[in-house]
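Structural features, examined
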Amino acid sequence: MVEFYGGTGPGVTPATPGGGSEVAVFVDFENIRYSTINSYGREPDPITWRDKALKYGLMAVARAYADFDQHPPTVRTRLDVAGFESQHYPAKRTVDQQNREKIESRSDLNFVIDIINTALTRPDITTFLLFTGDKDFIRIVTTLRNRLGKRVVICGVPGSVSPDLVAAAGEEDPLQ
């Protein structure tokens, strides 16, 4: 039998199979992948994300959002091995008046909707780990924290995380 033990420190609840708290983990995959490549020169490791999440509790929800057609095929396998569900949302491609291609992500909207749905349908989940640094998510963070009473922890790549996003959440656990 494999046993997991959470970390120690303020607000960290031990995670053990069959007991302990549960967390919801949402990954803005493109934000984390490109920030990791730019900062560290390597692909991100979803196993380290899993290990970070398990410090806070069992992963009741663990999802990564992206247009996975734009990433190496091995990415989805690595997410599966780490216990993350790949949420594939193809980008919308259009051409503007100057005949330039524009790419609009559909992942961010679905990321936000799934976070709200989880918060509303799983009131037992009190901690949300958001793997992103994107300031566009300030409003969802403040809604979770201030209106729904959830603990929000921002897990992003140092140097790529909006300080305002961290201020809105009140907690940060950087990816190294």
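In short, a report on the structure. Just so we're clear, the structure is a prediction, and the values are computed from it rather than from any experiment. (Residues numbered from 1 in each chain as written. Predicted model: local features only at pLDDT ≥ 70, side-chain atom pairs only at ≥ 80, totals over all residues. Heavy atoms only, no water.)

1. Structural notes on the side chain of Asp 173
To be explicit about the condition: The secondary structure listing takes helices from DSSP runs of H or I that are at least 4 residues long and strands from runs of E that are at least 2 residues long, numbered from the N terminus. The rule is simple: take the accessible area with a 1.4 Å probe, protein chains only, and divide by the maximum for that residue type; under 20% is buried, over 50% is exposed, in between is partly exposed. Residues adjacent in sequence count toward polar contacts only when both atoms are side-chain atoms; beyond that, a polar contact is any pair of N or O atoms within 3.5 Å, and within protein one must be able to donate a hydrogen and the other to accept it. We call two residues in contact whenever any of their non-hydrogen atoms come within 4.5 Å of each other.
Within the secondary structure, Asp 173 sits in the segment after helix H6 (163–169). Look at Asp 173 and you get buried, because its relative accessible area is 12%. At 3.3 Å, the side chain of Asp 173 and the side chain of Lys 55 are in polar contact. Those residues within four positions of Asp 173 in sequence are excluded, and the remaining contacts are Lys 52, Lys 55, Tyr 56, Val 153, Ile 154, Cys 155 and Gly 156.

2. So, the packing of aromatic side chains
What counts here: Whether two aromatic rings pair depends on their centres lying within 6.5 Å, for rings of Phe, Tyr and Trp, where Trp uses its six-membered ring; planes under 30 degrees apart make the pair stacked, over 60 edge-to-face, and the rest tilted.
Across all of its chains, the model carries 10 aromatic pairs by this definition. Judged by centre distance (6.3 Å) and plane angle (5°), the rings of Phe 26 and Phe 128 are stacked. One end of the pair, Phe 26, is in strand E3 (residues 22–28); the other, Phe 128, is in strand E8 (residues 127–131), and 102 residues separate them in sequence. Across this residue pair, the class does not change: Phe 26 and Phe 128 are buried. When the centroid spacing of 5.8 Å and the interplanar angle of 85° are considered together, the rings of Trp 49 and Phe 84 count as edge-to-face. On the criterion of sequence distance, the pair formed by Trp 49 in helix H2 (residues 46–54) and Phe 84 in the loop between helix H3 (74–82) and strand E5 (85–88) is long-range, its members being 35 residues apart. There is no split in this pair, since Trp 49 and Phe 84 are both buried.

3. A few points about the side chain of Thr 36
Its place among the elements puts Thr 36 in helix H1 (residues 29–40). Excluding residues within four positions of it along the chain, Thr 36 makes contact with Gly 41, Arg 42, Glu 43, Pro 44 and Val 157.

4. Some thoughts on unusual backbone geometry
Within the chain, Asn 99 stands out as a residue other than glycine whose phi angle is a positive 65°. Looking at the secondary structure, you find Asn 99 in the loop between strand E6 (92–95) and strand E7 (101–104).

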